[in-house]
Amino acid sequence: MAASSSGHGSKPKKKTMKSLYLQFFETAPDEKSRICKLCKKRYCMTTATGNLGKHLNNRHPGYCQLSDGDTAQTTTISGMFSRSKRSQSLARRAQAQSQSQVQPQPLALVKPHPQPKVKPVIDIDHVNWLLLRWLISSSLPPSTLEDSMLIDSCKYLNPPVQLWPKEKAHEITLQVFRSMKEDVKAFLQLVSSRLSITLDFWTSYEQIIYLSVKCHWIDESWALQKVLLDVCRIPYPCTGPEILHVLMNVLQEFNIDSKILACTHNNSQHAIHACHELRQELESRKLPFCYIPCAAQTLKTIIEDGLENVRPVLSKIREFILETNSNQEMMEDFKHWTEVYQEGSWKLPFEHSANWSGDYNMLDVVKKAPNAMDSTIKKVEGIFGPRDWVLSSTEKSAINSLHSYLEPFYKTTTNLCTCKLPTVGLVFFYMDHVFELINVCHDSTHQEWLKKIASNMSKRSHTFTSQAYNIYTFTAAILDPRIKGELIPETLNSTSNLEDARNHFVRDYSSNTFETVGNGYSTQDTTEVGDAFSFAEEIVRKRRRVSMITAADELSQYLAEPPAQISTDALEWWKGHSSRYPRLSLMARDFLAIQGTSLDPEELFTSKGDFMHKQQYCLPLSSIQATLCIKSWMQSGYQFNFQSTIIDFERLVKSAIAPDTLDALSFHE
């Protein structure tokens, strides 16, 4: 069947395919196909060796380590999208050696044809989607995709890869932002309880002031829910009217302006002015609304007052801690001296955050390990010369006094940071304890500098109570089963507040809410006339009176029982008692959603805040809104939505193992 090798009209002899892949295939009896020796799958004789290699890589990982009859082990060739000249040369040499063991080799060596490169199976668009998720999760701008080192790294992994230009990445991010925003809007329309909002402000590296608005509520399963509504630029001059305008636009865009019960702000005068105007607007529409300052911001300011006089000393301690953290030998020395002087066990490296947790740690070192600190410094000075880290006896005395005074403050902030649900009642409970400590220090201390600190702190506390204590926060506090009337601050606990709360409960959560469902009659649905109609109305009025008495009894019975343990989960308690207090539980869902702090206390008191502020500070105006909102929405459980297409990143990554199922698994309507 072979063509003649001579004559001008004869066809050239067909060259034989030579590939390492072929040793794993055998020619079928019909000589028209090849059969995989491992799984018996057939391929046409004209199938390219590159496709045979794909089959081996996908269906038989590790095939190159198997022996095939008389063929010895071959070198690994799987898992590479393209092979270097050196690896090809080594592979050909290994093949020649294995064949030489079976049969003698001719003297004339025939140079094999170069192996065709295996085409990459990575979908470039999917790589870009994964990179876009990384940018958003890391709060990086789209321009990051044009970083030359990132591009080089991607090309090293997959040479044909082409990253999206920053313009395309930016446009896709905006489209995802708009799609996910609609999802959030739709979800909020399904919420049946009242909502509370919190405000946070910051300034970026571009000197632009931003406002973030978060929404909080308790769902029907008694779980606290929160979602970021928007991140907005506050236009110049960034005063109350500008804040109010931006805030109203956000509430109206999400169609929740009539469902807002309370707002917790960041204590700035401009925010207070905006909230005051918002309350007047809502009250003109007969909608209840209150605004309160952030307890965590107040506590932070109070603590900063306490640290003001010792800031120079703290700077010296911080220098020692930073140097120790960067020097392994100094850390070992410090550990050694703490054991020698029995000054406790310390976790190294030291906490050195610029926030309160870092400041208190510095006080703690001086208070509890002064000898270890002095001995470590002495050794460093003996080697490198004098250091301005040594504290005088006067400085140590001041630090010790301040440490003893502020230790309860540190315990308070720690509890706030670790508390699962810092309700208004629990926050007020902690703040009241801090205010008592301030008053005791002011009245009992004989150190004038400490008395002055306590006096400044006391002014802060009075400002907070005058702004935060009202009928709404009183109601929120007594509806916390751990607080009720016994642990509520004395200046907030009054007979008039209790009566107002009772009237509000009877008015809004008994007759109106349960007019149809609770009484079993509805005057709007009746078709009766004359005496029959009057008789039906009389029954309805009687039922309403009974309902109001029952509702009042619910509140009285609830308050008459002792509070739950302070470690109790307030929402779990209500979940278990909602059937016992059906009307009061509805009120609790509304008021327990009021936030005592405008942001997570960890962001104010721990190193977590440093990380958050870096992200907020570094993003440009063009991408900050979309990036921070999408990131927050994904963390809240909303799906990554691009033009009504949900992109499932987890399944996209898993499906890389089986490329044929990539689209079906990762992109769905």
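Heads up: the structure comes first, above all this text.
Described below are features of the structure shown in this document. (Residues numbered from 1 in each chain as written. Predicted model: local features only at pLDDT ≥ 70, side-chain atom pairs only at ≥ 80, totals over all residues. Heavy atoms only, no water.)

1. Section: the overall build of the protein
Just so we agree on the cut-off: Note on conventions: DSSP H or I runs of at least 4 residues are helices, E runs of at least 2 residues are strands, and numbering of each starts at the N terminus. Any two residues having at least one pair of non-hydrogen atoms within 4.5 Å are treated as being in contact. Computed with the Shrake-Rupley method and a 1.4 Å probe, the accessible areas treat only the protein chains shown as cover for residues.
Of regular secondary structure, the protein possesses 25 helices and 11 strands. If you take every contact in the protein between residues at least 6 apart in sequence, the share linking residues at least 24 apart comes to 68%. Accessible area of the protein: about 35300 Å², with a carbon and sulfur share of 53%.

2. Things to note about the side chain of K316
Inspection of the secondary structure assignment puts K316 in helix 9 (residues 311-325). If we ignore the near neighbours within four places in the chain, the residues touching K316 are D388, W389, V390, L391 and E395.

3. As for the environment of L199
Topologically, L199 is positioned in strand 4 (residues 195-203). The sequence separation of L199 and C263 amounts to 64 residues, and the corresponding C-alpha distance is 7.5 Å. Setting aside residues up to four positions removed in sequence, L199 forms contacts with L211, S212, V213, L247, C263, T264, H265, N266, C275 and S598.

4. Quick look at the packing of aromatic side chains
To keep it simple, the criterion reads: Stacked, tilted and edge-to-face are the three classes applied to pairs of Phe, Tyr and Trp rings, where Trp contributes its six-membered ring and a pair requires centres within 6.5 Å; stacked means planes under 30 degrees apart, edge-to-face means over 60, and tilted covers the rest. The rule is simple: take the accessible area with a 1.4 Å probe, protein chains only, and divide by the maximum for that residue type; under 20% is buried, over 50% is exposed, in between is partly exposed. Working rule: Lys NZ or Arg CZ, within 6 Å of ring centre, within 35 degrees of ring normal, means a charge sits over the ring.
Applying the stated criterion across every chain, the model contains 33 aromatic pairs. Ring centres of Y405 and F409 lie 5.5 Å apart, and the angle between their planes is 65°; this geometry places the pair in the edge-to-face category. Residue Y405 and its partner F409 are both found in helix 13 (residues 393-418); the two are separated by four residues, about one turn of the helix. Given a relative accessible area of 0%, F409 falls into the buried group. Against the face of Y43 rests K41, its NZ or CZ located 5.6 Å from the ring centre. Across from the ring centre of Y558, 4.3 Å away, lies the NZ or CZ of K484, which sits over that ring.

5. Regarding the side chain of T423
To keep things clear, this is the line we draw: N or O atoms within 3.5 Å of each other form a polar contact, as long as, within protein, one can give a hydrogen and the other can take it, and as long as residues adjacent in sequence are counted only when both atoms are side-chain atoms.
Position of T423 among the secondary structure elements: in the loop between helix 13 and helix 14 (424-444). Of the polar contacts made by the side chain of T423, one reaches the side chain of R482; its length is 3.3 Å. Beyond its immediate stretch of four places on either side in the chain, T423 contacts D480, R482 and L592.

6. Considering the nonpolar core
Put simply, the rule is: Here, nonpolar core means buried Ala, Val, Leu, Ile, Met, Phe, Trp, Tyr and Cys residues that are tied together by side-chain atoms lying within 4.5 Å of each other.
Core analysis: the largest hydrophobic core is formed by 94 residues, its most contacted members being I317, Y405, F409 and W574. Ignoring sequence-local partners within four residues, the contact set of I317 consists of M362, V366, M373, L391 and I399. Within the second largest apolar cluster, 69 residues are counted, among which are V176, W202, C215 and C263.

7. Details of unusual backbone geometry
Omega for the peptide link from Y236 to P237 comes to 10°, which places this bond in the cis form. Tracing the sequence through the fold places P237 in the loop between strand 6 (224-233) and helix 6 (240-253). The omega torsion across L348 and P349 is 0°, close enough to zero to call that bond cis. Within the fold, P349 resides in the loop between helix 10 (328-340) and helix 11 (356-368). In this model, N267 sits at a positive phi of 80°, which is unusual for a non-glycine residue. Residue placement: N267 occurs in the loop between strand 7 (260-264) and helix 7 (269-283). For N267, a relative accessible area of 23% gives the class partly exposed.

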